[in-house]
Amino acid sequence: MYDVHAVRKDFPVLSKVVYLDSTATTQTPVPAVEAMNEYFYEYAGNHGRGAHRLARETTTRYEDARERVAAFLKADPSKTVFTKNTTEGINLVANSFPFKAGDHIVTTLIEHHSNLLPWLRLQKMGVEVTIVKPEGPEGLIDPESIEKALTDRTKLVAVTQVSNVFGSVQAVARITKMTHRNGVKVLIDGAQSAGHMPVELSALDCDFFATAGHKGLLGPQGTGVLYIKEPDLLESAFVGGGTVSGVEGLNYVLEPSPACFEAGTPNIPGVIGLGRAVEYLEDIGVFEIEKHETRLARETAARLSEMEHVEVYGPTERAGVVPFNVRGLHAHDVALILDQSRKICVRSGHHCAIPSINFLEVDSTVRASFALYNTEEEVDALIGAVSDLKALVA
Ligand SMILES: Cc1ncc(COP(=O)(O)O)c(C=O)c1O
């Protein structure tokens, strides 16, 4: 039986607020914070450089974290690269893949700006971009519509696994299979899936998977993960310290992956904290976490939908993301009132996905999002607070 109250003891800040903004960033459990403290207090050194004991200890712990994160995502550690966030991972691919003028990329209208702008930017060098629309207001992409958009010039399909605006879960396994059948590579934006639902990259077989360390994986801010199935396909846009095995005259030889993609000193304490956070997640079990989060989110959506003054967006079979609006009130006002009156933290705005918000024909939404530490009582608190807003709009 999933014991959410035991879990909450590892997240002290939750005694102060009702935190329903885990889609933006999650709280980090005490064992992960302690692992970072231990780095600073006991053995801080640089990674991969130096023979002394602190450098060796740091390198071992950093690489242990890589093993842990890769095992959690069922990925090969040598293809698992640490980044500072999802956005950096996607940009690394966009700027390191051998795109040339005339190439074609397919993405979708429901993408976060981080999985849209890096592709739109390539238009400047003559790459064509096609944006596939969702089937309807639930924010679901029909894999067939992606396949229809492919041409003999298409090099990449870039699609999110879970939309941060709709909470919709895309059929990424089918999309990957269909796209591969056409000889095209696939990038999955897993910012809202990793840690919230089982992700098995070896089975999914996508070419790139970018995610955050600071969201479902419960690591600290400033951490991210990029999986690259065929590292030789990319020539890293970032080179420098840590990426080369030799330099002679005007030539250099790059290290094999993942070192060639991690230029400069990385976020060492962050990665070590992320490794410990992932161990924490493993102990609880991602299947249990998914069940818990989706149950709370679906119940919240159903209860909000019963209120006449509230409009809820997204599909019934949603991940832990519940976007809504209160008729007659701006989303930012709703978020401020919830915070001021009940210490409920929800996100409001366009959620860095303006095309999605335009598609819903609104200028913003309120978004309640769930993680492993949220409770039924917190759902009741949100429902009570939103229900009370009726007095303001009646
Ligand atoms: C679907 C999606 N993609 C990408 C991002 C960007 O993530 P990061 O802040 O880790 O760069 C987010 C952030 O919320 C997101 O929800």
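Residues numbered from 1 in each chain as written. Predicted model: local features only at pLDDT ≥ 70, side-chain atom pairs only at ≥ 80, totals over all residues. Heavy atoms only, no water.

Draft legend 1. Fine view of a nonpolar patch on the surface. Together, V239, V247 and Y252 line one region of the surface with nonpolar side chains, adding up to about 290 Å² of accessible area. Locating V247 in the fold gives a position in strand β9 (residues 244–248). (Patch = residues over 30% accessible without salt bridge, like charges linked within 9 Å, V, L, I, M, F, W, Y side chains within 5 Å. Areas by Shrake-Rupley, 256 points an atom, 1.4 Å probe, with all protein chains shown as cover. Salt bridge = Lys/Arg side-chain N within 4 Å of Asp/Glu carboxyl O. Helix = DSSP H or I, 4+ residues; strand = E, 2+ residues; numbered from the N terminus.)

Draft legend 2. Representation of the packing of helix α10 (residues 286–305) against helix α13 (residues 376–388) in the model. At a closest axis distance of 10 Å, the pairing of α10 and α13 adopts a crossing angle of 20°. What the angle tells us is that α10 and α13 run roughly parallel. In the packing of α10 onto α13, the handedness of the crossing is right-handed. For the pair formed by α10 and α13, the contact residues are R295, L296, E299, T300, R303 and L304 on the first element and E376, V379, D380, L382, I383 and V386 on the second. Along the lines of polarity and charge, the residues of the contact of α10 with α13 split into six nonpolar, one polar and five charged. (Axes fitted to C-alpha atoms, helices over the stretch in contact; angles between N-to-C directions. Parallel < 35°, antiparallel > 145°, perpendicular 65-115°, else oblique. Left-handed = near helix turned anticlockwise from the far one by under 90°. Contact = heavy atoms within 4.5 Å. Nonpolar A, V, L, I, M, F, W, Y, C, P; charged D, E, K, R; others polar.)

Draft legend 3. Structural detail: the sheet that holds strand β15 (residues 365–369). Taken in spatial order, the four strands line up as β11-β12-β15-β14 in an open sheet, and their pairing is antiparallel. Each of the sheet's edge strands pairs with one partner strand only, and the pair in question is β11 (310–312) and β14 (347–349). The sheet shows a mean angle of 30° between the axes of neighbouring strands, direction not considered. Sheet analysis places β11 next to strand β12 (residues 321–326), joined by three bridges and oriented antiparallel. (Pairing = 2+ DSSP bridges.)

Draft legend 4. Expanded view of unusual backbone geometry. Across the junction of S257 and P258, the peptide omega takes the value 5°, indicating a cis bond. Along the polypeptide, P258 turns up in the loop between β10 (251–254) and α9 (268–284). Backbone geometry at D205 places phi at a positive 65°, although glycine is not the residue there. With relative accessibility at 33%, the residue D205 sits in the partly exposed group. Unusually for a residue other than glycine, K343 sits at a positive phi of about 55°. Residue placement: K343 occurs in the loop between α11 (331–342) and β13 (344–345). (Buried < 20%, exposed > 50% of the residue type's maximum accessible area, 1.4 Å probe, protein only.)

Draft legend 5. Seen up close, the site of the ligand. Taken together, 15 residues form the shell around the ligand, and within it T87, D189, Q192, H214 and K215 come nearest. Contact between the ligand and T86: an oxygen atom at 2.9 Å from a side-chain N or O atom of the residue. Within the contact set of the ligand, an oxygen atom lies 2.8 Å away from a side-chain nitrogen or oxygen of H214. Residue composition of the shell around the ligand, grouped by class: three nonpolar, 10 polar and two charged. (Near = heavy atom within 4 Å. Polar contact = N/O pair within 3.5 Å; in protein donor to acceptor, adjacent residues only side chain to side chain.)

Draft legend 6. View of the side chain of E293. Along the chain, E293 falls in helix α10. Put simply, E293 is tucked away with no salt bridge, and the nearest opposite charge, on R298, sits 9.9 Å away. Setting aside chain neighbours within four positions, we find E293 in contact with H196, G320, F370, A371 and L372. (Lys, Arg positive; Asp, Glu negative; His and termini not counted.)

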